[in-house]
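Report on the structure
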Amino acid sequence: MRISVIGCGHLGASHAAAMAELGHEVIGVEIDPDKCAVLNTGKSWFYEAGLDDLLARHVPTGRLRFTTDPGAAAAFADLHFIATGTPLREDGRGYDATQVVSAIETLVPLIDRPATIVGKSTVTVGTVATLQRIVTANAKVAGVELVWNPEFLREGHAVQDSLFPDRILVGLTTAAARAAIEEVYAPITARGDIEMVVTDPQTAEVAKAAANSYLAAKISYINAVAEVCDLTGANVDDVAHVMGIDKRIGHAGMRPGLGYGGGCLPKDVAAFAYAAGEMGAAGAAGLLDSVQAVNRGRQYAAVALITQALNSDVCGRTIAFLGGAFKAGTSDVRDSPALRLADRLHQLGATVRLFDPEAQDNARRTHPHLAFADSALDATHEADLVVIATEWPAFTTDPKLPADAAEHVTTRTVVDVRNALDAGPWLAAGWTVHQLGRPTRTPTA
Ligand SMILES: NC(=O)c1ccc[n+]([C@@H]2O[C@H](COP(=O)([O-])OP(=O)(O)OC[C@H]3O[C@@H](n4cnc5c(N)ncnc54)[C@H](O)[C@@H]3O)[C@@H](O)[C@H]2O)c1
């Protein structure tokens, strides 16, 4: 099928590449000429595991190409995915839908034959109805359909999740739209192992918001339990394990730490909380406000743990700070809990020496006042403390790092605010290990 993807950011570039991999002919439209130029070299402008491999495979053959010109997409494609951003409004009152509205207002008048527009961006309930009116008002031909197809991919697994999604959710109202969606996703549904849920647009909108908010709630729940563990001497990892054995609870998303971040969960929970409050769903709004309050509190819990580990306040101390990405597997630093913590420690007077294997340039751009190291080992040079702030395997499971870093630091103290560390090699190399919600562990003989 000939398709376009409008907006080639973290979602759109991954989706465009996956669609090419599934056999479609794809044109990506990206308004930013610099991002577009990079994508046309067969590489991504951000790090996402496996994405460069797909771009390198499909850009040189012409199966996948990128342009800044929406007219080229209108002329080429019969189905148009919309993957532009929906950031939180500056006043916090729900999403700023400007990018989505503008993409649709630009594209629709350029379409000269029946076509299907498929929104993937995350939007508030009621947005699709508004966009449908915009499509109807701007269409020059009959048969321009609007469908909403919320995306559930996880950054760091975007390629895998696009090719092998858990489910496909579509909100639509006509048989023609359904036929187009079934055709574009046929290479996935033909495998017979995933469910395509076809529903009305408002159900699709609420289902996406509800799913992301549930994931955030699960993270905040185990973090709230970690607070109790800190006060009682209980071990939150064991508590989470016991809870997760229950099939109704499960282990996924049950790792306590700094809380959720990134370009999706924080804004999606905030927007859903705001929308629920506005429509008078007081229970939902209150619950989601608590989820957010617990998440905000994680930074203070981390500072308290670091202070306890140093046995003094952080002012004047040097901290090797490993991690800047909001999670491992991506270079994305949007709403990164790691950078928020680094910033707080800097404000409190610490010298924060940061290293991240993929997000270093983005962190340097957004937080130029921090110090930066060329490697994890370099960051530990004469440091008073090591903080593991993003769960990259190079920090958490590489047995060489604790042994090598032990020779560089003034004190062998590591604070793992992601609860992801394989502590054995650190303890064996003489380190004291602190984690949120767990008793401190001292070196093994
Ligand atoms: N990032 C994810 O993992 C993810 C997962 C699920 C859902 N989503 C949702 O997908 C949407 C996009 O998220 P993202 O993280 O990819 O954002 P992003 O900011 O990384 O990407 C958006 C891209 O759209 C481009 N753009 C804006 N207006 C345009 C226009 N008129 N024409 C062409 N390009 C335009 C921007 O330059 C940018 O590159 C959001 O609604 C988000 O909530 C994202």
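A quick note: this is a predicted structure, and the numbers were derived from the prediction, not measured. (Residues numbered from 1 in each chain as written. Predicted model: local features only at pLDDT ≥ 70, side-chain atom pairs only at ≥ 80, totals over all residues. Heavy atoms only, no water.)

**Focus: the site of the ligand**
The local shell around the ligand holds 24 residues, among which His10, Leu11, Glu30, Thr86 and Lys267 are the closest. Here a nitrogen atom of the ligand and a backbone polar atom of Ile31 are 3.2 Å apart. Arg334 is positioned with one of its side-chain polar atoms (N or O) 2.8 Å from an oxygen atom of the ligand. Taking 820 Å² as the accessible area of the ligand by itself, protein coverage stands at 90%. (Near = heavy atom within 4 Å. Polar contact = N/O pair within 3.5 Å; in protein donor to acceptor, adjacent residues only side chain to side chain. Areas by Shrake-Rupley, 256 points an atom, 1.4 Å probe, with all protein chains shown as cover.)

**A short note on the pairing of strand E13 (residues 413–416)**
Burial of the side chains of E13 extends over both faces: Thr413 and Val415 are buried on one face and Val414 and Asp416 on the other. Relative to strand E14 (residues 432–435), E13 is paired through 4 bridges, and the arrangement is parallel. Paired with Val414 across the two strands is Val433, which belongs to E14. Following the backbone out of E13, through helix H19 (residues 423–428) and into the adjacent parallel E14, one traces a crossover that is right-handed. (Buried < 20%, exposed > 50% of the residue type's maximum accessible area, 1.4 Å probe, protein only. Helix = DSSP H or I, 4+ residues; strand = E, 2+ residues; numbered from the N terminus. Pairing = 2+ DSSP bridges. Right-handed = clockwise from strand over helix to strand, strands pointing away.)

**Describing the pattern of salt bridges**
By the definition in use, this model includes 16 salt bridges. A salt bridge links Asp332 to Arg334, with the shortest nitrogen-to-oxygen separation between them at 2.9 Å. Overall, the relative accessible area of 3% leaves Asp332 in the buried class. Judged by its relative accessible area of 40%, Arg334 is partly exposed. In this structure, Asp404 engages Lys400 in a salt bridge whose closest nitrogen and oxygen atoms are separated by 3.1 Å. In this pair, Asp404 and Lys400 are both assigned in helix H18 (residues 400–406), 4 residues apart and thus about one turn of the helix distant. Three or more residues are tied together by salt bridges with common partners; here these are Asp78, Asp112 and Arg113. (Salt bridge = Lys/Arg side-chain N within 4 Å of Asp/Glu carboxyl O.)

**Here's the deal with the domain arrangement of the protein chain**
By domain assignment, the protein chain separates into domain 1 (2–199) and domain 2 (212–295). Centre-to-centre, using C-alpha coordinates, domain 1 lies 30 Å away from domain 2. Contact with domain 1, which involves 11 residues of that partner, is made by 8 residues of domain 2. Overall, the association of domain 1 and domain 2 removes approximately 730 Å² of surface from exposure, summing both partners, and the carbon and sulfur fraction of that is 64%. Its largest share of buried area at the contact with domain 2, domain 1 owes to Leu88, Arg93 and Tyr95, together 47% of the area lost on that side. Counting every contact that joins domain 1 to domain 2 gives 0 salt bridges. Viewed at the interface, domain 2 and domain 1 are joined by 2 residue pairs in polar contact (both at pLDDT 80 or more). When the residues that make up the side of domain 1 that touches domain 2 are grouped by side-chain class, the tally is 4 nonpolar, 5 polar and 2 charged. (Domains from an automatic or database assignment. Contact = heavy atoms within 4.5 Å. Buried area = accessible area lost by both parts, 1.4 Å probe. Nonpolar A, V, L, I, M, F, W, Y, C, P; charged D, E, K, R; others polar.)

**Re unusual backbone geometry**
Even without a glycine there, the phi angle at Asp335 is positive, about 45°. Structurally, Asp335 can be placed in the loop between strand E9 (318–322) and helix H14 (337–347). Located in the positive-phi region is Asn419, a residue other than glycine, with phi close to 50°. Mapped onto the secondary structure, Asn419 falls in the loop between E13 and H19.

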